[in-house]
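Given next are the chains, with one letter for each unit.
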Amino acid sequence: MMLQWMMFCLAVAVLLCAGAMALEAALRTLRRPARWVWAGAMALSLAIPALSRWMPRAPEPVPAAASAPGATGGGTGMVIALPAAAGRMDPAVLDGPLRLGWMLASALAAASWLTAWAALHRRRRAWKAERVDGVDLLVSERTGPAVFGVLRGRIVVPAWVLRDAAPDARALLLEHEAEHLRAGDPRLLAFGLACVTLMPWSPAAWWQLRRLRLAIEMDCDGRVLARRNDVRGYGTLLLEVGRRAARGRLPVLSFGEPASFLERRIRMMTRPAVRAPLPRAAALCGLSLALLAAACEAPGPVNPAPATRDRAYTAPEAAVQAALTPREAMQRYYPDVLTRGAGEQNRFFFVIGQDGQVAEHHRDAAEAPRGEGLRAERVDAFRTDPEAIAAIDVMKMTAGQMGPGPVNIIWIQLKAPGQTASAERAPGSAPAAPSGAAAGAGRGANIRINQSAGQGAQRVTVTPAGTTPPAVGAIDAPGTPPLVDAARVRGAIQQHLPNVAREGTTAENVWFVSDAAGRVVAFGEGTAGMNDALRPDDIASVQVFKGESVTLNGHEIPVIWAVRKN
């Protein structure tokens, strides 16, 4: 995702450049200083992408994944047609090189500024301190006129200024440099250099720095001419300094550098006042605000697409409840994948045994023949008896959700102990559809959660397994506490399960248990631990949240929220 994020940063910076140009034109129309416009554009070019990455807005609703093909009989065992896994060519493979290139470019930019400062300090040893026309300054052989230093700046001028310049011209020049010091312009330039160092690959950042330097000089020209109304003499001085100044890329504010600014500065000084400036300025300000709003609202591809979990096969019998989530299984058996990526072998098979633990696991390459998708996989390649399989889920994670590259997990759950087939399927028939009326939760399925279909928060009923549940929507305990809203649920996910909030979950849901006052007393990923946190008799009410109301960072995170009795 690094490439997409860099393109997003560039797009935001370009919009801010356009907005800053419009706002600067409005301020110049009113003869107001405009250097802070470009400083603000540089700051926002860093802040907006950063905020969109770490404080992302709610994403658009993501349509549900299409159901995977079912299972068919044939041969010596069961054959499951799996959905096509993520392709081998993914932009995420560029993340490492781009990140390394970014760091190297920033280090090179910082080294160049430090080298320039070191060169200035070496030259400083040969400069002489003098007081001219009541101004303390440094006299160099060729460096300047410029302001040297950031925290305690000094004026440096070349020897020819004292030797050849007329007194009035010299006074204008020294006042210009002194005005830079009074306004704190060296610190503003240092801020611009720091911004460029943080994003050195962006041409928009370098252009913003150039416009900042020009705005600083134009503002300084305006302040000097407001006190000394000598446009002709000031313009002549600019041309003379531009002709005689030594060229170089030093991080200083120089009276005559860069030379390409001289014409613009002279045109600005000699431009006549605009008739009816207020309507023009108002229109330009409106355009600037529109571009700023577009930059702030630009959709950033900083979040990976939501993980998909497709049910590829469901048997009529109940599946054993896994004691760990797919993420925990990857962390336990393939920890290197989470840090270095899976490479071409990005498909991982897990078989959950009757004890809830991983009984078998292996990985292979998810290669898709051109134009065909994945070939059918033979589940009987495992030691597991295919007839013992209760459910098969296929989970597809894009880069950033479970490591730096795409990961595909085939999650196979066996039938719960004591389960027998309640119906035989003819060869080639479709598998039984998963039950949507009730879902077992916890070890031994001692809690049954009944919920109705739909989106958002719903009241559900919790009863001991094996009993006849009342109608959906009924509340077992009298005096049920008020419903928890979706905002409270999202906040709890971010506070107690930050990894899930950032990366989503491959479990069927996450759960929270709160007391009657709303304080969270237990939580987890997957419902296996819910039975350890409460008993059915202790439950006052339960809500289920799903859909857009519990979508964070592009991931839908189904939530079961139980409230204990007082």
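Read on for an overview of the structure. (Residues numbered from 1 in each chain as written. Predicted model: local features only at pLDDT ≥ 70, side-chain atom pairs only at ≥ 80, totals over all residues. Heavy atoms only, no water.)

### Considerations on the packing of helix H7 (residues 203–227) against helix H9 (residues 261–270)
In step 1: Their axes nearest at 10 Å, the elements H7 and H9 cross at an angle of 40°. In terms of orientation, H7 lies oblique with respect to H9. Here H7 and H9 pass one another in a crossing that is right-handed. Listed contacts from H9 to Arg210, Arg211, Arg213, Leu214, Glu217, Met218, Asp221 and Leu225 of H7 are Phe261, Arg264, Arg265, Met268 and Met269.
In step 2: Looking at side-chain class alone, the contact of H7 with H9 contains six nonpolar, no polar and seven charged residues. (Axes fitted to C-alpha atoms, helices over the stretch in contact; angles between N-to-C directions. Helix = DSSP H or I, 4+ residues; strand = E, 2+ residues; numbered from the N terminus. Parallel < 35°, antiparallel > 145°, perpendicular 65-115°, else oblique. Left-handed = near helix turned anticlockwise from the far one by under 90°. Contact = heavy atoms within 4.5 Å. Nonpolar A, V, L, I, M, F, W, Y, C, P; charged D, E, K, R; others polar.)

### Quick notes on unusual backbone geometry
In step 1: Backbone torsion omega between glycine 144 and proline 145 reads 0°, so that peptide bond is classified as cis.
In step 2: As for its position among the elements, proline 145 is in the loop between strand S4 (135–140) and strand S5 (146–148).
In step 3: One non-glycine residue with positive phi stands out, namely arginine 31, at about 60°.
In step 4: Within the secondary structure, arginine 31 sits in the loop between helix H1 (2–29) and helix H2 (35–54).

### Points about the nonpolar core
The tendency in soluble globular proteins is for nonpolar side chains to be buried as a group.
In step 1: If you look at the biggest cluster of nonpolar residues, it comprises 22 residues, and the most contacted ones within it are Leu137, Val157, Leu173 and Tyr234.
In step 2: Listed by contribution, the elements that provide at least two residues to this core are S4, strand S6 (154–158), helix H4 (159–164), helix H5 (167–183), H7, helix H8 (231–244) and H9.
In step 3: By residue number, the principal contributor to this core is H5, which donates five residues.
In step 4: By size, the runner-up hydrophobic cluster in this structure holds 19 residues, among which are Ala34, Ala109, Ala205 and Leu209. (Core = buried A, V, L, I, M, F, W, Y, C linked by side-chain atoms within 4.5 Å. Buried < 20%, exposed > 50% of the residue type's maximum accessible area, 1.4 Å probe, protein only.)

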